[in-house]
Each structure stands twice: as structure tokens, then as C-alpha cells.
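So the chains spell out like this:
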Amino acid sequence: MATRIQLSIQNSLWLLSSPLHPINTKGLHNLKNRLCFRSNLISSSSSRRALCCTCTSSHLPTTEPYVITTPLYYVNAPPHMGSAYTTIAADAIARFQRLLGKKVIFITGTDEHGEKIATAAAACGSSPNEHCDVISQAYKALWEDLDIAYDKFIRTTNPRHEAIVKEFYSRVLANGDIYRADYDGLYCVNCEEYKDEKELLDSNCCPIHLKPCMARKEDNYFFALSKYQKKLEETLEQNPDFVQPSSRLNEVQGWVKSGLRDFSISRASVDWGIRVPNEDKQTIYVWFDALLGYISALMEEKGQATLQTAVSSGWPASLHLIGKDILRFHAVYWPAMLMSAGLSLPKIVFGHGFLTKDGMKMGKSLGNTLEPNDLVQRFGSDGVRYFFLREVEFGDDGDYSEDRFINIVNAHLANTIGNLLNRTLGLLKKNCQSTLVVDSTIAAEGNAFKDTVEKLVEKARFQYENLSLSSACEAVLEIGNAGNLYIDEHAPWSLFKEGGAASEAAAKDLVIILEAMRIIAVALSAITPSLCKRIYTQLGYSEDQFNAATWDDTKWGGLKGGQIMAQPKPVFARIEIQMEGEDEGELKKKASKKKERIPQPQTQSLAEA
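What counts, and where the lines are drawn
Residues numbered from 1 in each chain as written. Predicted model: local features only at pLDDT ≥ 70, side-chain atom pairs only at ≥ 80, totals over all residues. Heavy atoms only, no water. Axes fitted to C-alpha atoms, helices over the stretch in contact; angles between N-to-C directions. Helix = DSSP H or I, 4+ residues; strand = E, 2+ residues; numbered from the N terminus. Parallel < 35°, antiparallel > 145°, perpendicular 65-115°, else oblique. Left-handed = near helix turned anticlockwise from the far one by under 90°. Contact = heavy atoms within 4.5 Å. Nonpolar A, V, L, I, M, F, W, Y, C, P; charged D, E, K, R; others polar. Phe/Tyr/Trp six-rings, centres within 6.5 Å; stacked < 30°, edge-to-face > 60°. Buried < 20%, exposed > 50% of the residue type's maximum accessible area, 1.4 Å probe, protein only. Lys NZ or Arg CZ within 6 Å of the ring centre and 35° of its normal. Expected span 1.5 Å × (residues − 1). Bend = angle between axes of the 7 residues up to and from the residue. Salt bridge = Lys/Arg side-chain N within 4 Å of Asp/Glu carboxyl O. pLDDT = per-residue confidence, 0-100. Core = buried A, V, L, I, M, F, W, Y, C linked by side-chain atoms within 4.5 Å. Pairing = 2+ DSSP bridges.

Student: I'm lost on the packing of helix α15 (residues 448–465) against helix α16 (residues 469–490) in this one. Help?
Tutor: Any two packed helices are characterised by how steeply their axes cross, that is the angle between the axes, and by the distance between the axes. Interaxial distance between α15 and α16 falls to 7 Å at its minimum, and their mutual angle equals 165°. The pairing of α15 with α16 is recorded here as roughly antiparallel in orientation. Every pair of crossing elements has a handedness; the one defined by α15 and α16 is left-handed. When α15 is examined against α16, the residues Phe449, Thr452, Val453, Leu456, Val457, Lys459, Ala460, Gln463 and Tyr464 are found in contact with a partner set consisting of Leu469, Ser471, Ala472, Ala475, Val476, Glu478, Ile479, Ala482, Gly483 and Tyr486. Its residues placed into classes, the contact of α15 with α16 shows 13 nonpolar, four polar and two charged.

If you want it as C-alpha cells, here you go:
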């Protein structure tokens, strides 16, 4: 019998996503009133897609689904940029896999049990259920504003999820891996975790929350994690891709080799949770509960809620996408739990890095938190999605600077991509009545530009497949850079003035550039779906045709002679920052003056458009 079980978790492992804010009781009092952030977005509501993905394709293969999950986010506080980043990345990966023709099940949701939730609800003067409803809805609303096309949203307060947790618990118990013992130690309520004294600061303060941990002695149930040490060592050794990136694998192997200790999977002092089967005074530990959400989410809304039903609907997961702070739970605890229950392990656990702001760790005490709702309101979903996926090397830590955000988004989306499309369509309207003169395959015969685009498309696909989202963005942007260089070197506005064969060559050049734009719209659609839909529709396609596009549509030859383009209209407006005391009229005048100062070749193109 264990009288003291060491449950040392790395100081950073304290939440289900990276890094959630501590309880802010003052900020939560008026939370319901704060859920008005969905209005006044930069991009129009007409460009928004339905929240839940209903993408279908007639050529979907009958293979196992690609199941991707985000953490189930803890609802002690509203969503923050850390959880938004994880979900944006997961959405981009899911969209790419759909482009490949795979059946995708993209799972996200909220973790709604535990002492911290009950405390946060009490501080708001609401019941835990009411509190969870409000915060969970805040996540759903933000995901809609960020164009997150998830397939399943699981809440751990769902009765069907509770049935799965209890069945799983009973299966592990029947396997002899759950036993009862006393735990006497120091407990951090905010972390929902017992702490080892060696990791605490002076006065037994939690190093994360800087608050004293509470001495507790409880009669708990424990999971025999130590029993699975050898199996876990073998799994990590034989499957080096199980934990990614490689730096995370090394970290996990170090934890396992240092010796695994059993951990408590119930709480006697927590009422807000799922009851341990056949127990009135014990609730299931929040992690042992929440991790099962990845499986319970697979069930259909109707039908029997059984473990077998859920597993047969898509388990194992293809990819668990998490913040590195919860790596131990997903790469050590969760695999051992699944082994005990006789279930398959997920194929990949990918732990990405943290976000900082202006080089500093974000925190409410420093006053430098980054609110995703504010970013979306000011800059739109495309800008937010693109910046964090392009500028943060996936797996590493990444920094947010507003100046850099504006410079990157303006340079890449407004200038390189948006302006290339706008000025090309302008020239087509003026000289060709907005109609393509030939097929893009004919226009590009013997042209090296086509080869350049094809190589960059293959490069983008390779990077997407290897979860190198920043490099995938870069490869697609290179197509735009090549297009701008091509049009500047060929100067079709001058060729049209010459007439004859020169004019014919200029008309073909426009077809070539617009075909490149069509390919960009497909290849970048996983990153900036709303922007790419606007590009596609300006090329004469319908929204339905955009939604039905697959990666095969990145092949050269989509545009046909005689196809009529839409009227040129900027697809991404430059971000102009309004200075204090400056009204909207002055801001527009400033933007107009900036356009007048564009370098001569570009000015000529725009003028002739």
C-alpha cells in the first residue's frame, strides 16, 4: 500500500493547453457580457464558412479516417491566444488532409470538471454548469471567427462522455491497475495537481501560480503507471515518430527512464466531477476524465454510448496536437492508460512551443496578454491565421510583435498576393474584357515559369505532410514572388500598347499569372481559407467550386480560354494603424497618399488596371 506517492510533474504541466490564465475572479463576473466580440470583424460575414465542417468529396477513399485532436481546453477562463494557436494549426492540418481526399475527423472541445472550475463558477456567482456553458460557448464563437472547421466538439459534462469514462475506468480496474491508498502531500488547486516539495518555491509556493500549495491527506484511487514502464520504453524506442518533434521525444524518454510512479486518479475533496463507479465520495481525476474525450467525441449523437462504439468510429487518433506543457500527460500517462484498457495508442503526439509577446512570456500580472478576440476584430481571421502559422516554426516557441504582425501580413497577403491578383485582373479587364484568351496550358507552353510553380507546389505539399506549416506558407508565397517578378520583367502593360504579336504575348502572360493565382488559392487555402475563397471567386469560380477543390487542383491547367474573370477588387486590404487622435477620414487620406508613393513600375500597373 502506498502511503506517499511521488507525483512530480514538470512545473509547466499545469493545464490542458498552453498556457491558460490563472483564475481571474474579477474578470469573470461580467463574462456573459464579454461574448459580444464576434461583431465588426474586418472580413465580411458573407465570407465565413459554417463552423462545423461538412466537407464531402465523391472520390474519398474507403480508408481509415484521419483523426486530429486539439487539447480539450480548460474552462476556468475564456480562450486565450495559446489555445487559439493550437486550434488554428490543427485546422490547417485538417484542411490539408481534406484536400488530399481523406475523410477527416477534427476533434476539439472543453474540459469542464475539477475543483478549479467549481471555484471559478462560485466567484462569478453561477453554478458550475452555467459557468461551463458560457465559457464553452466562448470557445465555439472564437473558433467560428477564426474559420475553424471542426467536425466534433466534445464537452466533458456530456452524459455520453461520462458513460465512456466510467466504462474505461471499470475496464482498467478489472485489469488490476487501480488500487486504493492514502495520499499525504501538497496540492495546487490551480494546477489540479499534487506537487513534489523539491519543485516548490519558498513557503511551498507553486512556481507557476506563486501561491502556497495546500497540505492535503486524502484516501484516493491510484493508477499503476509504474507497471507500464518497460512497455512505454519499448514503444518509444520502436516508434521514434510517436512523439514529435524529436526534442520532445528525448524529453519523454528521459522521464520514463528516470522511473515512473503511480498517480492518483480520484479526488475525495472535489465534488464537481464524474463519480467513481460505486463510490459516493470520490470523483475521477480531471485528467483521467478529459483524456477520454478524444475517444468519446468519436461517437455519433444518437445510438448506444459504449467504449466499443466510440473506438470503432475512428480510433486510434492520427495526431494529438498539444502544447508542450501537457506533454507528460499525453505521452506517458495516456499511452499507459490505453495499454491498460487494451486500446491502440495514437499514432503521433506533437507538442508545439509557447507564444511570447515582444520577447516576454505573457501574463496578466505583466499586463501583456494577447487576446485572440481583439486580434480577430482588428485584423481579421486570415491575418491572424497566416501570421502565427507563417512566423512560428511549428514545434518551437514563437513571439508576437504587433509591428512585425502588420509588416508581415501587409507584405505577404496585401502586397505579394493581393496586389498581384488585383493588378493582373485590372490589366485583363482593360485589354481583354476580363476574358482569358487561351487555356493556361497553351499559354505556358515552353515557359519556365510553369516549371517553377510546379516545383514550389510539390515543396509546399512535402512541408504540409511533415507538419512544417511555416515552410509550407513560404513555398506558396514564393509562387507569388515569382509571379510578381514575372509580370514586372514582362511588363504586359507596355506590350499591349505595341499591339500585334506583343499584345498577344501580353494576353498570355496574364493567363499565366492568373493560373498561378488559382494554384495559390488552393495551396494556401488550409492557412487562409477566407482569403483564398475570395481569390477563387474573382477567377470566375463559384464558392461551391472552391469548397470542392482538392490538392489535385494545384496541377497546372485549370484555367480555360474564354473563362470570364470577376471585376478586380482588393482581396486583402492593407492594415492601416489609426494613431491616437486621428479620425477615420485622416486614416483614409493617409492610405491614399501611400498608394501614390508606390514605385513606378507598380504604379503604372495599378494605374492601367
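Structure's up, so let's keep going.
Student: How should I be thinking about the packing of aromatic side chains in this particular structure?
Tutor: Going through the model one piece at a time under the given rule, you end up with 32 aromatic pairs. When the ring of phenylalanine 168 is compared with that of tryptophan 334, the centres are 6.5 Å apart and the planes differ by 35°; the resulting orientation is tilted. Separated by 166 residues along the polypeptide, phenylalanine 168 in helix α5 (residues 159–174) and tryptophan 334 in helix α11 (residues 327–341) bring together distant segments of the chain. Classification of tryptophan 334 as buried rests on a relative accessible area of 0%. A connected cluster of aromatic rings, assembled from ring pairs, spans Phe168, Tyr169, Phe223, Tyr228, Phe263, Trp287, Phe288, Tyr294, Trp315, Phe329, Tyr333 and Trp334. Here lysine 324 stacks its cationic end above the ring of phenylalanine 354, 4.9 Å away from the centre of that ring.

Student: Where do I start with helix α3 (residues 115–124) in this structure?
Tutor: An α-helical turn contains 3.6 residues, so any two residues separated by three or four positions project in the same direction. Counting buried positions along α3 yields seven of ten residues, so the element is predominantly enclosed. Immediately downstream of α3, the backbone of glycine 125 shows phi near 75°, a positive value.

Student: Quick question: what am I supposed to make of α11 here?
Tutor: In a regular helix each residue adds 1.5 Å, so 15 residues correspond to 21 Å; α11 covers 21 Å between its end C-alpha atoms and thus fits that length. At tryptophan 334, α11 shows its maximal kink, close to 30°; a proline, proline 335, follows between one and four residues later. At the exit of α11 stands glycine 342, carrying a positive phi of roughly 75°.

Student: When you look at the pattern of salt bridges in this model, what are you seeing that I'm missing?
Tutor: Oppositely charged side chains may form a pair once their charged atoms are brought near each other. Counted according to the given criterion, the structure contains 24 salt bridges. The partner of glutamate 402 in a salt bridge is arginine 378, and the shortest N-O contact between them spans 2.8 Å. Note that glutamate 402 is positioned in helix α13 (residues 402–432) and arginine 378 in helix α12 (residues 372–391), a separation of 24 residues in sequence. Assessed through its relative accessible area of 27%, glutamate 402 is described here as partly exposed. Overall, the relative accessible area of 33% leaves arginine 378 in the partly exposed class. Two residues, arginine 518 and glutamate 515, come together in a salt bridge whose shortest N-O distance is 2.8 Å. Of this pair, arginine 518 and glutamate 515 are both found in helix α18 (residues 500–523), three residues apart, which corresponds to roughly one turn of the helix. A relative accessible area of 0% places glutamate 515 in the buried class. Put simply, Asp91, Arg95 and Arg385 are held in one network by salt bridges that share partners.

Student: Honestly, the packing of helix α7 (residues 246–257) against α11 in this entry has me stumped. Any pointers?
Tutor: Where α7 contacts α11, the two axes come as close as 11 Å, and the packing angle between them is 55°. The angle between α7 and α11 falls in the class oblique. Here α7 runs over α11; the crossing is right-handed. Two secondary-structure elements touch here, α7 through Arg248, Glu251, Val252, Trp255 and Val256 and α11 through Leu327, Arg328, Ala331 and Val332. Class assignment of the residues belonging to the contact of α7 with α11 gives a composition of six nonpolar, no polar and three charged.

Student: Please explain the confidence of the model for the protein as it appears in this structure.
Tutor: Should pLDDT be low for a region, the predicted coordinates there are not to be read in detail. Scored by pLDDT, the protein has a mean of 85; 82% of the residues are at 70 or more. Taken together, the stretch residues 1–61 has pLDDT below 50 and engages in 183 contacts with residues farther than four places along the chain or on a different chain.

Student: Explanation requested: the nonpolar core in the structure shown.
Tutor: Soluble globular proteins: nonpolar side chains tend toward being buried together. Core analysis: the largest hydrophobic core is formed by 177 residues, its most contacted members being Trp143, Phe168, Ile295 and Phe388. If one sorts the elements of this core by residue count, α18 sits on top with 15 residues. Every residue in contact with isoleucine 295, bar those within four places of it in the chain, is listed here: Leu307, Ala310, Val311, Trp315, Trp334, Leu338 and Leu343. Ranked by size, the runner-up nonpolar core spans five residues in total, among them Leu186, Leu200, Cys206 and Cys213.

Student: In this structure, what is going on with unusual backbone geometry? I would like to understand it.
Tutor: Negative phi characterises most residues that are not glycine, and trans characterises most peptide bonds. Residue proline 245 is reached from glutamine 244 by a cis peptide bond, and omega for that bond is -10°. Here proline 245 shows up in the loop between β7 (243–244) and α7. The omega torsion across tryptophan 315 and proline 316 is 10°, close enough to zero to call that bond cis. If you trace the backbone, proline 316 turns up in the loop between α10 (307–311) and β11 (319–323).

Student: What is the right way to look at the environment of glutamine 97 in this model?
Tutor: Relative to the helices and strands, glutamine 97 resides in helix α2 (residues 81–99). Here glutamine 97 falls in the buried class, since its relative accessible area comes to 7%. Separated by 453 residues in sequence, glutamine 97 and threonine 550 place their C-alpha atoms 9.5 Å apart.

Student: Mind showing me how you'd approach the pairing of strand β6 (residues 214–223) here?
Tutor: Consecutive residues of a regular strand have side chains that alternate between opposite faces of the sheet. Pairing analysis gives ten bridges linking strand β4 (residues 178–188) to β6, with the strands arranged antiparallel. Each residue of the ladder has a partner; that of tyrosine 183, found in β6, is glutamate 218.

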